[in-house]
Amino acid sequence: MAHEQQLITKRAWLGPGGPEGYLTVASSSLLWQPAPGSSQPGQEVRIPLAAITNNQRAKDKPLVRITVAGQQQQQPSGPGPSPQHHVFQFESVADRDAALDVLTKVTAAMAAAQMAAANGALGAEAAAAGVPGPAGAGAGPREGPAVAGGFSRMQRQQMLARDVDLKALWEELVGGKVLSEADFWSGVASRLAAAQPAAWGTSAAGGGGGPGAARGPGGPLQRRRVGLSNILQRVEAEVDGRHQRVLRVSLTPEQVAQIFAEQPAVLRAYREHVPHRMGEEDFWRRYVRHEMHKESKRKARAEGLNPSAAAASVVDDAGGDIFREAAAAVAAEAAARPGAAASHRERVDPTLDLAASEGERYQGFGYAHAATREPELDAERLRLAAAQQEAALGAAMSGLGLEDSDDLATAINRHGEVVLQGVEALARVEAQLRAGHGSGAADQRAPSAQGATGPGPGSSGRDMSASPMDEDGRGGEDGQQQRRGRRRRHSAGLADLHEPSAPRLDSLSIADPRRYFERMKDAAGGVQGGRGDGGFGARAGGLAGAAAVLAAVTPGGLPLPPLSPAAAEAALLEATPLARSLAEDEAAGVSGLEENKRKRHAPPQSEGKGVGGFVPGMSFCCLHEC
Amino acid sequence: MRFNLEGLTVYFPYEYIYPEQYRYMLELKRALDARGHCLLEMPTGTGKTITLLSLITSYQLAHKEVGKLIYCTRTVPEMEKVLAELAELIEYRAKYLGRGPGFNEILALGLSSRKNLCIHPRVAEEGSRESVDAGCRRLTASWVRERAADRVSRGTTEGGGEEDGGSESAVGDIELCDYFEGHERAGVEALLPPGVYTLSDLRDFGRKRGWCPYFLARHMMAFANVVVYNYQYMIDPKVSQMVSRELEKECIVVFDEAHNIDNVCIEALSVNLRKQTLEAAGRNLGKLSNSIRRAREADAARLQTEYNRLVAGLVAQGALRGGEDWLANPALPADVVQETVPGNIRRAEHFMGFLHRFLAFLRDKMASPVITSQTPQVFLHELQERVQVDAKTLKFCYDRLSSLLKTLEITNTDEFTPIQLVADFATLVGTYAKGFAIIMEPYDERLPQVPDPVLQLSCLDASLAMKPVFSKFQSVVITSGTLSPIDLYPRILNFNPVAIQSFQMTLTRDCLCPVVVTRGADQMPMSTKFEMRGDPGVMRNYGRLLVDLSAVVPDGIVAFFVSYRYMDQIIAKWHDMGILQEIMQHKLIFIETQDVVETTLALDNFRRACDSGRGAVFLSVARGKVAEGIDFDRHYGRAVVMFGVPYQYTLSRILRARLEYLRETFQIKEADYLAFDAVRQAAQCVGRVIRSKADYGMMIFADKRYQRHDKRDKLPQWITRHLKEAHMNLSTDMMVHVAREFLRAMAQPYDRGAVGKSLLSEAALAALDAAGGLDGAGAAGA
């Protein structure tokens, strides 16, 4: 190993108070050499990187403990195959971290290279044989039991092949020997079970075979939703500024679909006019122009231009009448739809239903021009205001009254709604377009279906409730159940007044719990597993994890009165073997520690009596669903 | 938990209780024991509602002599929340009290208008409250049902010719409401089993049994232990006389979120007449005259009977059929005259003439192009001079008109709303000489370009409407998160509470982070002061603030603007500047609009966006509907921004009249009142994000004026206590830094070391009780 590349060298002592020397991280091994002329001469230590199974950093102290698998270390003192530890002390925590970061990177790279080689072998073998063989070359799910977590070996392989993230996790946890194969898969299974009632929004329409097909093993994991961008689309158009002519419009099919989904009126106009009355291109030119017109009008209003200036600045909108007609038709259909009010009432979360409050107001009583309220713009006065504006802006723009003053707000709200529905909304539009073009004459019926998704009352009604992901209780038929659920959803919300629910612990055998916490730190919460309470597992590693466990202890439930925080912290430090080794030197007979030692032997899973304490090395763990 | 509070066993559905909740209960219990009214302020986010419910239901359980709990809320969403919390409480109580009949039984229901309760497929679809009411009446009025019964018994198919062009006769058959009939058929058997019923529960139940939920709820009010309804059902004499007349004196009446109660009171006694109203009232008169003529020809006896009845006196009027469900007299019950109707309007024709004259006078007044403001005396004098209508007769207008409408068997009452409004106006003007003003505004001064003449009868004295409530019920509880200055309320509502208390919040961690942002990152001051709000620089800075915030704050953000108009303007501007697009890089945007249905939908989508982790910004208006009743708790609101100081529109004539009245009667300075009102509103808005102590949120006051003492002092204490000196004059970038730090600290797991300090356990309470009560419970206020 003489030719190996030295990556980083730091001054370090072998063990606290041990001989002085230098620690070098090289490309394939970790090397500690005693400093020449040191008062305490020590032996050179060389640890092959491949043999390192773990490293632990002490909190706030420049210490690290390297765990070495007990086979091929060169330390002659190593008796047999039991794991060996080396403790190094650095000059500072920063030094220690710098060295270890390099070390971690190198080991990770090595592991990845190994894995790739193993996978390559596996892939080649699978391709050749077509059948999973027994005990293949590298690490693979085939090694595990025939059934783990309710998944057959075949299913497991499929799931790993489909889901890159899951695979990475598997490699880390099972490959890294943190979890057993069975534990890992039962964790996945419980996570799937928890994810079954889809937790949010919308699902990808793409997915091919639809949600039914995705139910298979690994399916729900696959159902990661493809979302839409938050950004409000603006059509790119090249415009001749002088003559206000739209020269060129560029639109992607996605943009078109999104425009249709967000503006049912445009869809309607499109279906009515394209291609019988005008070409696609002409249509979109008109659309862009219409949008420009609206924009300029808005600007004129916002800037409070005087009528003549406003009239001059507003873009002429000769071709926009098709959109206005369609908008009027869509609005009329929405208004005329029977059952709209009732369906609205039943669908909306009652704690958000502002319309219900409106239903308690009498007209004509109270204040008309109340200073505490906004000037009310009822339909009639809106029309009046619009008529005035129209008069001011000149006769060129007829039919302005159809657009109300909030149109930008409405468009933005509508955009948000479509984005939340995700690609489903676009797929629906496309389906409608196809249907519309296919049947041609059936134009009249189809738009009304589209109208149902308009921003009117009860929108996102039928067709949304038919979609599988509509978990929100807006669904139609078994509405009663869902409404009940919705009502339950509201509560005083004083969660902190409840007794914290006892952490639900799943038993899990981990070879080395410290390793688990270490991994947690590295993977930053990437661990999946058994269903844990919203507790400590994933949030913190090592000491912090232990702190969380202690935080969950009910002081009243302890056999002894609560300790002072200082004593508790001391106990906590002591709970990690590394710190213990330090602490044993210093504090021999502190009574608080004595008590804690006793406490540590209380059974950790006796939930009825409260969790007694944190026991290092015990075979329990609480995993958090991330 | 179950604990003993000075001898009262209280059931509280949690394992712990905040000390201030305990104190609140103590204060409330003492007030109930003393059978008096009380005024309690407790910060938002400390669980007022559940505390109230828990104590009062426990009190009811221990003291059988206490009547119902009448819980008044401002909005329907709040009503739903109260009922949901009550349902939890009752469910929890079963643990101690057992289940089954006779143990833990309670009947609680929400009551709302027909518009919200009707399940008739066609009527429920009507647009406004009035039209649903009328649609219902058309199917359920006593004469309609009598006629139907008559026809059934006679087996004839002859249509009723005398009704005034109603659609039923055209159909040739009389339509009735199945649900109403089902309810009537069941008679006294139509009972709700014990339980907690929200509006949708009532509808479900009604549908299942085939009973009308509205009438069922009205009927069940007599048996209920808890009734939750809107303020107006208690305060507004028109409605309360119809709904709440039967309630017994021993009831405990609670007004929650009552910081605006004075405004509700004055609006309850105010009437406005628009130009369209007067025109429509004129048409109504024509129609009524026709009906009278036809009635005279077809059935003169009926009009004669009415005349005789009027001669005999109004006392008999209550017995008039068809009167079950009309809006009652707009005047307060104590002021309703119990005399016979004056001779000059007893005959229907004479009454029509009288109304014609009055209407002509009103039209004339409305034609005035300038703003005028008159006292009732001046108005009446002028009326007498010009059209010889005297005040005494005016008083009877309401009664005379409703008698006439009933005599003519008119069911489409919504069509006749305008003339009813005129009659109400007349009755109020005739009844009250003090505390009112008659104001004529040719247009809303905020929109001078839109002509909208309004003749406003404006009540100025909030105590008028509250007086019957205070005198009728033995315990009235007025409570809110922001009742400061608390001593103002007894004065403007004119009552003597046995307890006035303002409670503080005990916090173990600073889960509120109020900051005042006065400048943008470019150090330009920010304000919505009139001369600054249009400045593009200010608008841009406000926009940048929101962009920066949306990059830092997880999940939901709420922003409140001072008015719709300003919001519209600024959104258009932000759209131009590309600020909206920038915000959308981080979060979706939803906006409150004037259309309530759309706003509801936007709120729903906002929540979905927060739930899904996408995060969203909700743009709303400080005095709008969202600010009034929607919570943005937990991840729905991690930051709230108040853009500007939400002053009322100070140039409004109506407000001026009110301010003058306040100054003359209570020596309250105008500027003080306005500032209080604005800051109270702002506090209310930012308080929307905190719903419990485990919750947390940034509260950003973005206006340089909040830095000033006179504004800051008026913020409630629970905000000022957390407002650090260093956070009173921040620029946007400094604020973002503060937000980042705050949110990182707060996102840590909630430390439960608070037990004993900000949380009391059952054992602690027992110890407390044994030791003789909470030390310094009295000193807790102040």
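That block above? That's the structure.
Summary of the structure given here.

Reading the values: the criteria
Every chain is numbered on its own, with residues counted from 1 as its sequence reads. Here chains are named by letter from A upward and ligands by number from 1 upward, in the order in which they appear as written. Only residues with pLDDT of 70 or above have their local features reported here, since the model is predicted, and side-chain atom pairs are shown and tallied only from 80 upward, although totals for entire chains, interfaces and linings are computed over all residues. The side-chain numbers reported here are obtained from all heavy atoms of the structure, hydrogens and water having been left aside. Only runs of H or I of at least four residues qualify as helices and only runs of E of at least two qualify as strands under DSSP, and these elements are numbered from the N terminus. A contact between two residues is defined here by any heavy atoms of the two lying within 4.5 Å. To get an axis, fit a line to the C-alpha atoms, keeping to the stretch in contact for a helix; angles then go from 0 to 180 degrees between the N-to-C directions. An angle counts as roughly parallel when it lies under 35 degrees, as roughly antiparallel when it exceeds 145, as roughly perpendicular when it falls between 65 and 115, and as oblique in every other case. When the near helix sits turned anticlockwise from the far one by under a right angle, the crossing is termed left-handed; a clockwise turn instead gives a right-handed crossing. When residue character is reported, Ala, Val, Leu, Ile, Met, Phe, Trp, Tyr, Cys and Pro are called nonpolar, Asp, Glu, Lys and Arg charged, and the others, Gly included, polar. Only strands joined by at least two bridges in the DSSP assignment are considered to pair. Just to be clear on terms, a salt bridge is a Lys or Arg side-chain nitrogen sitting within 4 Å of an Asp or Glu carboxyl oxygen. Using a 1.4 Å probe on the protein chains alone, a residue whose accessible area is under 20% of its type maximum counts as buried, one over 50% counts as exposed, and one in between counts as partly exposed. As used in this record, nonpolar core signifies buried Ala, Val, Leu, Ile, Met, Phe, Trp, Tyr and Cys residues forming a set joined through side-chain atoms within 4.5 Å. Buried surface area refers to the total accessible area, computed with a probe of radius 1.4 Å, that the two partners give up upon joining, counted for both partners together. Think of a polar contact as two N or O atoms within 3.5 Å of one another; within protein, one of them needs to be a possible hydrogen donor and the other a possible acceptor, and neighboring residues in sequence only count if both atoms come from side chains. Each helix should span, by expectation, one fewer than its residue count multiplied by 1.5 Å. Here a Phe, Tyr or Trp ring, Trp counted by its six-membered ring, pairs with any other such ring whose centre lies within 6.5 Å, and the pair is stacked when the planes are under 30 degrees apart, edge-to-face when over 60, and tilted otherwise. Remark: a charge is flagged as sitting over a ring if the NZ atom of Lys or the CZ atom of Arg is within 6 Å of the ring centre and within 35 degrees of the ring normal.

### Quick word on the environment of Leu28(B)
Residue and element names in this part refer to chain B. Its location among the elements puts Leu28 in helix H1 (residues 19–33). Along the chain, Leu28 and Leu39 lie 11 residues apart, while their C-alpha atoms are 9.1 Å from each other. When residues no more than four places from it in sequence are discounted, the contact partners of Leu28 are Cys38, Leu40, Leu52, Leu55, Ile56 and Val477.

### Regarding the packing of helix H9 (residues 199–209) of chain B against helix H10 (residues 213–220) of chain B
Residues and elements named next belong to chain B. Taken N-terminus to C-terminus, the directions of H9 and H10 make an angle of 110°; their axes are 9 Å apart at the nearest point. Considering the angle they form, H9 stands roughly perpendicular to H10. H10 is crossed by H9, and the crossing has right-handed handedness. Contact residues: Leu202, Arg203, Phe205 and Gly206 in H9; Pro213, Leu216 and Ala217 in H10. Grouping the amino acids of the contact of H9 with H10 by side-chain chemistry returns 5 nonpolar, 1 polar and 1 charged.

### What about the sheet that holds strand E10 (residues 271–274) of chain B?
All names here are of chain B. Spatially, the 4 strands line up as an open sheet ordered E10-E13-E12-E11, and their pairing is antiparallel. Taken across any chain shown, the strands that pair with only one partner, and hence form the sheet edges, are E10 and strand E11 (372–374). Along the sheet, successive strands turn relative to each other by an average axial angle of 15°, direction set aside. Bridge count between strand E12 (residues 436–443) and strand E13 (residues 451–459): 7 bridges; the pairing is antiparallel. Bridging from a neighbouring strand, Ile439 pairs with Gln456 of E13.

### With respect to the pattern of salt bridges
All names here are of chain A. Following the criterion strictly, the structure yields 51 salt bridges over all chains and no others. Here Asp95 ties to Lys10 by a salt bridge, and the two come within 3.4 Å at their closest N and O atoms. Remark: Lys10 occurs in strand E1 (residues 6–14) and Asp95 occurs in helix H1 (residues 93–129); sequence separation between them is 85 residues. The salt bridge involving Glu91 is made with Arg11; its shortest N-O contact spans 2.7 Å. Taken together, the residues Glu91 in the loop between strand E7 (84–90) and H1 and Arg11 in strand E1 connect sequence positions 80 residues apart. Judged by its relative accessible area of 29%, Arg11 is partly exposed.

### As for the nonpolar core
Tyr229(B), Phe255(B), Phe425(B) and Ile478(B) are the most contacted members of the largest nonpolar core, which has 193 residues in total. Looking at this core, the element that brings in the most residues is helix H16 (residues 348–366) of chain B, giving 10 residues. What Tyr229(B) contacts, discounting residues up to four positions off in sequence, is Ile70(B), Tyr71(B), Cys72(B), Thr73(B), Met79(B), Leu111(B), Met221(B), Met234(B), Val243(B), Ser244(B) and Leu247(B). Counting residues in hydrophobic clusters, the runner-up holds 126 residues, among them Ala265(A), Phe632(B), Tyr706(B) and Met735(B).

### A few points about the interface of chain B and chain A
Taken residue by residue, the interface counts 128 residues in chain B and 92 residues in chain A. Summing both sides of the interface, chain B and chain A together bury roughly 9800 Å²; the carbon and sulfur share of this comes to 54%. Joining chain B to chain A, the criterion identifies 16 residue pairs in polar contact (both at pLDDT 80 or more). By residue number, the principal contributor to the side of chain B that touches chain A is helix H26 (residues 596–611) of chain B, which donates 13 residues. Partitioning the side of chain B that touches chain A into residue classes produces 56 nonpolar, 35 polar and 37 charged.

### Examining H26(B)
Residue and element names in this part refer to chain B. Between its first and last C-alpha atoms H26 spans 22 Å; for 16 residues at 1.5 Å apiece the expected length is 22 Å, and the two agree. Capping of H26 at its N-terminal end is provided by Asp595; its side-chain oxygen lies 3.0 Å from the backbone amide nitrogen of Val597. Phi turns positive, to about 90°, at Gly613, one or two residues after H26.

### Remarks on the packing of aromatic side chains
How two aromatic rings sit relative to each other is set out by the distance from centre to centre and by the angle between their planes. Tallied over the entire structure, the rule returns 36 aromatic pairs over all chains. Residues Phe180(B) and Phe215(B) carry aromatic rings whose centres are separated by 4.7 Å and whose planes lie at 75° to one another, so their mutual orientation is edge-to-face. Of this pair, Phe180(B) sits in helix H8 (residues 178–186) while Phe215(B) sits in helix H10, and the two are 35 residues apart along the sequence. Taking the relative accessible area as the measure of exposure, Phe215(B) reaches 15% and is therefore buried. Geometrically, the ring pair formed by Tyr542(B) and Phe643(B) is edge-to-face, given 4.8 Å between the ring centres and 70° between the ring planes. Of this pair, Tyr542(B) sits in helix H23 (residues 536–552) while Phe643(B) is found in strand E20 (residues 639–643), placing the two residues 101 residues apart along the sequence. In this pair, the class of Tyr542(B) matches that of Phe643(B), namely buried. These aromatic residues form a ring-pair network of at least three members: Phe260(A), Tyr270(A), Phe283(A), Trp284(A), Tyr287(A) and Phe323(A). A cation sits over an aromatic face here: Arg347(B) above Tyr307(B), 4.2 Å from the ring centre. We note Arg533(B) situated over the ring of Tyr566(B); from NZ or CZ to the ring centre the distance is 5.2 Å.

Read these as spatial facts, not as claims about activity.
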